[in-house]
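Chain residues, written in single-letter form:
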Amino acid sequence: MTQKITLTLDGKSVTASPEDTIWQVAKREGTRIPHLCHLDKPGYRPDGNCRACMVEIEGERVLAASCHRKVADGMVVRTDTERADKSRRMVFELLASDMRAPDESPDGQAPFWEWAQTWGIAGSDRLPGKHGHDGDHASTATHSQTPGLHDISNPAIAVNLDACIACNLCVRACREVQVNDVLGMGDRGHHAIPVFDIHDPMGNSTCVTCGECVQACPTGALYEKSLMDAGGRQRVVEDFDDAVDSVCPFCGVGCQTTMYTKDDKIVLVDGRDGPANENRLCVKGRFGFDYAMSDERLTKPLIRREDAPKRGDIDLRAGLLTVDDVFREASWEEAMALAAKGLTDIRDGTGKGKGGNALAGFGSAKGSNEEAYLFQKFIRQGFGTNNVDHCTRLCHASSVAALLEGVGSGAVSAPFMDAQKAECVIVIGARPATNHPVAATYFKQAAKNGTKLIIMDPRGQDLMRHAEHSLRFKPGTDVAMLNAMIHTIIDEELYDQQYIQANVDGFEALKDKVKDFSPDAMADVCGIDAETLRTVARTYAKAERSMIFWGMGISQHTHGTDNSRCLIALAMITGHVGREGTGLHPLRGQNNVQGASDAGLIPMMYPDYRHVEREDVRAEMEDHWGRTLDPVKGLTVVEIMDAIHEGDITGMYIMGENPAMSDPDQHHARAALAKLDHLVVQDIFLTETAWHADVVLPASAHAEKLGTFSNTNRQVQIGRPAIPTPGDARQDWELIVELANRSGLDWQYDGVPAVYEEMRTVMKSLNYMPWERLEDEGSVTYPSNEDGTQNWTIFTDGFSTGDGRGRIVPADLRAPDEVPDADFPMVLTTGRVLEHWHTGAMTRRATVLEDIEGEAFAAMNPREIARQGLSVGELVQVGTRRGDITALLRADREVADGMIFIPFCFTEAPANVLTNPMLDPYGKIPEFKFCAARVEPADKMVEAAE
């Protein structure tokens, strides 16, 4: 509080800020005031429309709504007077009168009546909430609800308008917090109710099922269908056994959650007030939890049958194979002994395909930091090779390569919440509303508050309706467009000369390079007119604070590193880095891709991005781990697959990764997996990769494990177990340790915190962040300081390079490796859909998510569909030089003409059969976002085959 005032509350003198409301002061002082329409959470403004929180103010004729009324110096407030109490009772009586009475209810229950009749209003708070929160969320839904005016058209959310009090909280949740603009108040007067779009059923509306309205609703008018019993009524919250605080298992946003359990099953997930989500969740985080309880979970170790030879072309479509066709169940002793022996036999052998460098490991960005650290340590210490990688190679490897080269760190320079502090925000090559929905809420809120949002994407997207400028450029021409902007900034002298002189090298080389990239020269190349390019460049450069966010549309190209170099150059020459509301932020795709990379799960870096080929670094790690380490950087994901085909790698250990779905040129990748002499797969499901294994180890799901996870903002947070592992499945970290010990190491760890503390001895990024602090604070951002403060913004005093100066590396035009031609006239691009994540191993086993989006599809613009004589809903055959797949054709106006989009999560139509494995020369990332393709009716292809 910069200014304090004094007021009297129920006879007691208290101090407060002039910005406080009476309700906030009362809560702080322990005085409980009933409330319905008020939600004391970030993003929710007080509305004061239910009048349940009325208080009496001395000298005023009428009562005041405490949630809405600001305090004033000398104010005298009474919360417990007879007049205030009668007013509150009248409010609840009127609300109850509009509810179904006991004799009108089929089961004799009318929760709001019971509530109103039994609640002592004076001095009371709201009843414990429907989610069991501590007096913060009253709800008639704490009792059984009988359906009335019922809408169950949405797979996840039920609507019971019999319980609605028109408090407007759900509308504020949708419009102001999530900024989805689906809910509004319909009808008039006494008949006013919340409606979806233009009075559509919820399931037929544009609702994205984020569930914010459910978490906000105070009466159970909106509630999770997971709480419905067989009769359509809500189960009571008293049935919950436990509530466990954790973090979301999906994207890199790092939303904090609370999981409610019953009988060792998760029945409900709510958002918590974490720094990155402020109680918000998306459809995956809130409703995608039941994959952990799937009947398809692995519960016993499996060993390949001797009469089941490996085949790269095995047909993995549902129902064609059973587990017993390929594997037999085994004891843990037999499985672990065989797993370790197969790996050590290769390590200890001689000749081609033998020795430590004939082994490789794929770890997981879905696992914890501790698991990532142990995994890469095992491969390096146990096998003496740096052939260890994970899915960052397939998403942001080129971004990290450019960032390490330019600023000396692969981490983001500021959190995505800083979008609200920026005057200008560029989002390029990313679709946050689909892939990072909670982060997208901050961008949308920023735009509503005046931030100029600039979206750059060959495809249309939801954020474009909030944007100042939407640039739908030609696919693969990022460098042309960005260099044209840099040209404008330099030509018009909009760069920050002082910042460049103090902090940046390479400006003159950049200036010389972009001379030929004028907006007029690049307009036809990138498809954006010259004046728009100039306007966008000026907007970014002239703003006091500008930020750049990017995603895999930037990184997944053979010129991905060059794309990122251009973005780094933009920030450096304008000085838009190192301050709040500025910076460079590649949005991380998986929940722990940042932490896994930090922990050294990459082939050229030890933990904290220290290069394996530096003698001093390697000597330090040899001292830590007590053995000689490989002096040569290892192979990356795609390079490992090539090395298997060449016979140089013959054994692999894969934990929680699914390269049989995620790798490009899938036939090539699966053939490689089948060629291995020994493959150990550790996972929670029999994934497409696990079908090629010699030994399959059943492991732990996110909701079953303890560990830390680092989100895209550099926040380290603890995930906690809410349910036990099923059957004989075991914890991932324990399996890594046992395999290491069976391979000749002597690892002794007394639990996950002990692993974390060892990590802190080799990772300076974790300085001043002991396990106890993580538990106490819930989230700690690195780098942290000795005094307990956190550095949300980095590069404030120079960059993480040797001399503290940033390095600009100019980029030239580089065409995609494969461009359309007469045989393959279209551009194929791949990506994700809102409801599914990565290869779909988890989300396609989540009931709600599969109900919403459960069918493989290929999307084209309606104009392109008509031009090619195709029909929406027909089966089409999509082909590239690597293969063909069949999918249903869907019309999507966001897809550009001449382009086809296919999600890569559907095993029945795997997009990565088609994608190009050609690598970016620096980041070694495949070109997932661009290859030449053709589309034909599926029946035409069948006729040709006949």
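Residues numbered from 1 in each chain as written. Predicted model: local features only at pLDDT ≥ 70, side-chain atom pairs only at ≥ 80, totals over all residues. Heavy atoms only, no water.

Draft legend 1. The arrangement of the overall build of the chain in detail. Check the secondary structure of the chain and you find 30 helices and 40 strands. Taking 30 Å as the expected radius of gyration for a compact globule of 946 residues, we find that the chain reaches 29 Å, a close match to that expectation. Each principal axis of the C-alpha distribution contributes one length, and for the chain these read about 90 × 70 × 65 Å. The burial tally for the chain puts 63% of its 946 residues in the buried class. At a minimum sequence separation of 6, the contacts of the chain that also span at least 24 residues come to 71%. Accessible surface, the chain as shown: approximately 33,700 Å² in total, 47% of it carbon and sulfur. Within the chain, one finds 97 positive and 141 negative side-chain charges whose respective centroids are separated by 2 Å. (Helix = DSSP H or I, 4+ residues; strand = E, 2+ residues; numbered from the N terminus. Rg over C-alpha atoms; globule rule 2.2 N^0.38 Å. Buried < 20%, exposed > 50% of the residue type's maximum accessible area, 1.4 Å probe, protein only. Contact = heavy atoms within 4.5 Å. Areas by Shrake-Rupley, 256 points an atom, 1.4 Å probe, with all protein chains shown as cover. Lys, Arg positive; Asp, Glu negative; His and termini not counted. Charge placed at Lys NZ, Arg CZ, Asp CG, Glu CD.)

Draft legend 2. Structural view of the side chain of D732. Along the chain, D732 turns up in helix α25 (residues 732–742). Note on D732: relative accessible area 4%, which makes it buried. There is a polar contact of 2.9 Å between the side chain of D732 and the side chain of Q682. At 3.0 Å, the side chain of D732 and the side chain of K705 are in polar contact. (Polar contact = N/O pair within 3.5 Å; in protein donor to acceptor, adjacent residues only side chain to side chain.)

Draft legend 3. Structural detail: the pattern of salt bridges. Tallied over the full model, the rule gives 66 salt bridges. One salt bridge connects R538 with E492, and the closest N-O pair in it is separated by 2.8 Å. Remark: E492 occurs in the loop between α13 (478–491) and α14 (497–503) and R538 occurs in helix α17 (residues 530–542); sequence separation between them is 46 residues. Note that R760 is salt-bridged to E757, the shortest N-O span being 2.9 Å. You can see R760 and its partner E757 sitting in helix α26 (residues 752–762), 3 residues apart, about one turn around the helix. Assessed through its relative accessible area of 26%, E757 is described here as partly exposed. (Salt bridge = Lys/Arg side-chain N within 4 Å of Asp/Glu carboxyl O.)

Draft legend 4. Here's a closer look at the sheet that holds strand β6 (residues 150–151). The strand order across the open sheet built from 3 strands is β6-β7-β10, with neighbouring strands paired in antiparallel fashion. Sheet topology places β6 and β10 (222–224) at the edges, where each strand pairs with a single neighbour. Both β6 and strand β7 (residues 157–160) contribute to a ladder of 2 bridges, which runs antiparallel. Each residue of the ladder has a partner; that of D151, found in β7, is V159. (Pairing = 2+ DSSP bridges.)

Draft legend 5. Inspection of the nonpolar core at higher detail. Counting residues in hydrophobic clusters, the biggest one holds 68 residues, and the most contacted among them are L222, V253, Y291, F416, V427, F443 and F549. Sequence-distant contacts of F416, defined by excluding residues within four places in its chain, comprise V253, A276, A439, Y442, F443, F549, H585, T712 and N713. Listed in part, the 56 residues of the second largest apolar core include W332, F378, L745 and M759. (Core = buried A, V, L, I, M, F, W, Y, C linked by side-chain atoms within 4.5 Å.)

Draft legend 6. Seen up close, the packing of aromatic side chains. Enumeration according to the criterion identifies 17 aromatic pairs in this entry. Consider the rings of F375 and Y653, whose centres lie 4.9 Å apart with planes at 35 degrees: the pair is tilted. Highlighted residues: F375 in helix α9 (residues 369–383) and Y653 in strand β26 (residues 651–655), separated in sequence by 278 residues. Considering the side-chain rings of F378 and Y653, the 5.9 Å spacing of their centres and the 70 degrees angle between planes classify their relative orientation as edge-to-face. Linking F378 in helix α9 with Y653 in strand β26, this pair joins segments that are 275 residues apart in sequence. Neither residue differs from the other here; F378 and Y653 are each classed as buried. These aromatic residues form a ring-pair network of at least three members: F375, F378, F383, Y653, W747 and Y749. (Phe/Tyr/Trp six-rings, centres within 6.5 Å; stacked < 30°, edge-to-face > 60°.)

Draft legend 7. Expanded view of the environment of R534. Mapped onto the fold, R534 is located in helix α17. Filtering out sequence-adjacent residues up to four positions away, R534 remains in contact with T488, E492, P519 and D520.

These figures come from the coordinates and say nothing about function on their own.
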